[in-house]
Amino acid sequence: MVDGTPIGRARGLGSAHEGVHHWLMQRFTAVGNLVLMLFLTTSLALLPAYDYATLAGWASQILPATALALLIVSVFWHARIGVQVIVGDYVNEPGSKFGILVLLNLVFIGGAVFGLVSIARLAFGGAA
């Protein structure tokens, strides 16, 4: 037999205080992604040509390179938070959840670093 009422057992446990943070970060990164994508699509649409030399020259300027770097960080952060919430909701075993989150964090960090290094190579003229 269970002692106490359901509300009595739950009272005082409190919340995990994680849901609101993830929800807010998803919204902030979504707005950041939207603003950066609007800037970049407008900027790309105004280019005279779309060959490699033109795009590399455009990406080597300070404002587009910074916007591209911020977009990469924001997109990968947004995706990581979203996948983390999905894994938290649908994976029930703690060991599996930990392993999947570690693997996904490595994938997202690796993708972001690859993108940032690629932009840095273009911005600093080291791309071949």
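Quick caveat: nothing in here was measured; it's all calculated off a predicted structure.

Criteria and cut-off values
Residues numbered from 1 in each chain as written. Predicted model: local features only at pLDDT ≥ 70, side-chain atom pairs only at ≥ 80, totals over all residues. Heavy atoms only, no water. Helix = DSSP H or I, 4+ residues; strand = E, 2+ residues; numbered from the N terminus. Contact = heavy atoms within 4.5 Å. Areas by Shrake-Rupley, 256 points an atom, 1.4 Å probe, with all protein chains shown as cover. Core = buried A, V, L, I, M, F, W, Y, C linked by side-chain atoms within 4.5 Å. Buried < 20%, exposed > 50% of the residue type's maximum accessible area, 1.4 Å probe, protein only. Expected span 1.5 Å × (residues − 1). Arc of directions from axis to C-beta. Phe/Tyr/Trp six-rings, centres within 6.5 Å; stacked < 30°, edge-to-face > 60°. Axes fitted to C-alpha atoms, helices over the stretch in contact; angles between N-to-C directions. Parallel < 35°, antiparallel > 145°, perpendicular 65-115°, else oblique. Nonpolar A, V, L, I, M, F, W, Y, C, P; charged D, E, K, R; others polar.

(A) A look at the overall build of the chain. A count of helical and extended segments in the chain gives 5 helices and 0 strands. For the chain, the succession of helices and strands along the chain, N to C, is α-α-α-α-α. Taking as baseline every contact in the chain between residues at least 6 positions apart, the subset at least 24 positions apart corresponds to 67%. A total accessible area of about 9,100 Å² is found for the chain, and carbon and sulfur atoms account for 73% of it.

(B) Seen up close, the nonpolar core. One finds Leu36, Leu40, Leu47, Trp58, Ala59, Ala67 and Leu71 forming the largest nonpolar core, which totals 7 residues. Elements with a contribution of two residues or more to this core: helix H2 (19-45), helix H3 (52-59) and helix H4 (62-90). Those residues within four positions of Leu36 in sequence are excluded, and the remaining contacts are Ala67, Leu70 and Leu71.

(C) Representation of helix H5 (residues 94-123) within the structure. The end-to-end C-alpha distance of H5 is 43 Å, a good match for the 44 Å that 30 residues give at a rise of 1.5 Å each. Along H5, the positions that sit buried rather than exposed are Phe108, Ala112, Gly115 and Ile119. Along its buried surface, H5 packs onto H4. Taken from the residues just after H5, Gly125 is the one with a positive phi, measuring 75°.

(D) Spotlight on H3. Of the positions making up H3, those classed as buried are Ala56, Trp58 and Ala59. Buried positions in H3, seen along its axis, are confined to an arc of 160° and lie on one side of it.

(E) Representation of the packing of aromatic side chains within the structure. With the rule as written, the count across this model stands at 1 aromatic pair. With a centroid separation of 6.5 Å and 65° between ring planes, the pair formed by Phe76 and Phe108 is classed as edge-to-face. You can see Phe76 sitting in helix H4 and its partner Phe108 sitting in helix H5, a full 32 residues away along the chain. The exposure class of Phe76 is partly exposed, given its relative accessible area of 26%.

(F) Structural view of the environment of Gly115. When you line up the elements, Gly115 lands in helix H5. Looking at Gly115, the relative accessible area reads 12%, which means it is buried. Linking Gly115 and Ile72, residues 43 residues apart in sequence, is a C-alpha distance of 6.6 Å.

(G) Representation of the packing of H4 against H5. In contact at an axis separation of 10 Å, H4 and H5 are set at 170° when each is read in the N-to-C sense. Judged by the inter-axis angle, H4 sits roughly antiparallel to H5. For the pair H4 and H5, contact is made by Ala65, Leu68, Ala69, Ile72, Val73, Phe76, Ala79, Arg80, Val83, Gln84, Val87 and Gly88 and by Lys97, Ile100, Leu101, Leu104, Asn105, Phe108, Gly111, Ala112, Gly115, Leu116, Ile119 and Ala123, respectively. Partitioning the contact of H4 with H5 into residue classes produces 17 nonpolar, 5 polar and 2 charged.

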